[in-house]
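Spelled out, the chains give:
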Amino acid sequence: LLHSGYLGERQKSVALHLWKHAAERNPDAQLSLGFGILDLPHPSANDVAYAIKLLETAARQKNVKAVMRLASFYSDPANPLKDKAAAFNWYWVGRHLKDPEAQAGLERVVTTVSRNEFPSFKINAEALLEEISWSARQY
């Protein structure tokens, strides 16, 4: 219902509110909510920040779908929040987690990275990967 144009703005707001409550208790609902918010035609800045937080939580627990959605979000040329460093990081993690699309995405991002930027991008991506690997061992 949230994705369809069937709901008016008020009902869409109510649906989003209910989905947020479900996400507080269910990791699958968190992931779905993160995807759902980013797929809305005109989400608010607060909703986007919330969706990113939900997806990052899942990505840090080695959820490949969340990792790749973050990578594509940050690499989308139409996205005003486009961030090639963040896209590089998440594609790097996706590649490590053996996602078949991650290498191609990483190669696309690398074409926009200067020789001077690449070493710091790689160091930051490795640090994120190490953080995720270390965190996963804690569970």
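Residues numbered from 1 in each chain as written. Predicted model: local features only at pLDDT ≥ 70, side-chain atom pairs only at ≥ 80, totals over all residues. Heavy atoms only, no water.

J.: What exactly am I supposed to notice about the overall build of the protein here?
T.: Of the regular secondary structure elements, the protein holds seven helices and zero strands. When the helices and strands of the protein are listed from N to C terminus, the series reads α-α-α-α-α-α-α. The burial tally for the protein puts 38% of its 139 residues in the buried class. Partitioning the intrachain contacts of the protein with sequence separation of at least 6 by distance along the chain shows that 45% fall at a separation of at least 24. (Helix = DSSP H or I, 4+ residues; strand = E, 2+ residues; numbered from the N terminus. Buried < 20%, exposed > 50% of the residue type's maximum accessible area, 1.4 Å probe, protein only. Contact = heavy atoms within 4.5 Å.)

J.: How should the nonpolar core be read in this particular structure?
T.: Note on soluble globular proteins: their nonpolar side chains tend to be buried together. Counting 39 residues, the largest nonpolar core has Tyr74, Trp90 and Val93 as its most contacted members. Elements supplying a minimum of two residues to this core: helix H1 (9-23), helix H2 (27-39), helix H3 (45-59), helix H4 (64-75), helix H5 (84-96), helix H6 (102-110) and helix H7 (117-138). (Core = buried A, V, L, I, M, F, W, Y, C linked by side-chain atoms within 4.5 Å.)

J.: Mind showing me how you'd approach H3 here?
T.: Note: α-helices contain 3.6 residues per turn, so residues at a spacing of three or four share the same orientation. Look at H3: 21 Å from first C-alpha to last across 15 residues, which is about the 21 Å you get at 1.5 Å a residue. Here H3 has its buried residues at Asp47, Val48, Ala51, Ile52, Leu54, Leu55, Ala58 and Ala59. Looking down the long axis of H3, one finds its buried residues gathered within 165 degrees of arc, a one-sided arrangement. Of the exposed residues in H3, those oriented more than 90 degrees away from the buried face are Ala45, Asn46 and Lys53. (Expected span 1.5 Å × (residues − 1). Arc of directions from axis to C-beta.)

J.: Hey, could you run me through the packing of H4 against H5 in this one?
T.: Where H4 contacts H5, the two axes come as close as 8 Å, and the packing angle between them is 155 degrees. Between H4 and H5, the angle falls in the class roughly antiparallel. Helix-helix and strand crossings are classified by hand; for H4 and H5 the assignment is left-handed. Here H4 contributes Val67, Met68, Leu70, Ala71, Ser72, Tyr74 and Ser75 to the contact with H5, which in turn contributes Lys84, Ala86, Ala87, Trp90, Tyr91, Val93 and Gly94. Its residues placed into classes, the contact of H4 with H5 shows ten nonpolar, three polar and one charged. (Axes fitted to C-alpha atoms, helices over the stretch in contact; angles between N-to-C directions. Parallel < 35°, antiparallel > 145°, perpendicular 65-115°, else oblique. Left-handed = near helix turned anticlockwise from the far one by under 90°. Nonpolar A, V, L, I, M, F, W, Y, C, P; charged D, E, K, R; others polar.)

J.: Can you help me understand the pattern of salt bridges in this one?
T.: It is possible for side chains bearing opposite charge to pair when their charged atoms get close. Counted by the stated rule, this structure contains three salt bridges. Across the pair arginine 69 and aspartate 39 runs a salt bridge, and its minimum N-O distance is 3.2 Å. Of this pair, arginine 69 sits in helix H4 while aspartate 39 is found in helix H2, placing the two residues 30 residues apart along the sequence. For aspartate 39, a relative accessible area of 46% puts it in the partly exposed group. The salt bridge involving arginine 60 is made with glutamate 131; its shortest N-O contact spans 2.4 Å. Note that arginine 60 is positioned in the loop between H3 and H4 and glutamate 131 in helix H7, a separation of 71 residues in sequence. (Salt bridge = Lys/Arg side-chain N within 4 Å of Asp/Glu carboxyl O.)

J.: Sorry if this is basic, but what is going on with unusual backbone geometry here?
T.: For residues besides glycine, phi is generally negative; the peptide bonds are generally trans as well. The backbone phi angle of lysine 62 is positive, close to 65 degrees, even though this residue is not glycine. Classification of lysine 62 as partly exposed rests on a relative accessible area of 36%. The residue lysine 98 is not glycine, and still its phi comes out positive at about 70 degrees. With respect to the helices and strands, lysine 98 occurs in the loop between H5 and H6. Take lysine 98: its relative accessible area is 71%, and that puts it in the exposed class.

J.: Would you mind showing me how to read the packing of aromatic side chains here?
T.: Here a ring pair, both rings aromatic, is described through the centre-centre distance and the interplanar angle of the planes. Applying the stated criterion across every chain yields a total of four aromatic pairs. Between phenylalanine 73 and tyrosine 74 the ring centres are 5.1 Å apart and the planes differ by 70 degrees, which places this aromatic pair in the edge-to-face class. Taking relative accessible area as the criterion, phenylalanine 73 reaches 9% and is therefore assigned buried. By relative accessible area, which is 13% here, tyrosine 74 ends up buried. With 5.8 Å between their ring centres and 90 degrees between their planes, phenylalanine 88 and phenylalanine 118 make a pair best called edge-to-face. On the criterion of sequence distance, the pair formed by phenylalanine 88 in helix H5 and phenylalanine 118 in helix H7 is long-range, its members being 30 residues apart. A residue is classified by how much of its surface remains accessible, and phenylalanine 88, at 0% relative accessible area, is buried. One residue, arginine 95, lies across the ring of tryptophan 92, its end atom 4.3 Å from the ring centre. (Phe/Tyr/Trp six-rings, centres within 6.5 Å; stacked < 30°, edge-to-face > 60°. Lys NZ or Arg CZ within 6 Å of the ring centre and 35° of its normal.)

Interpretation in functional terms is not warranted from these geometric data alone.
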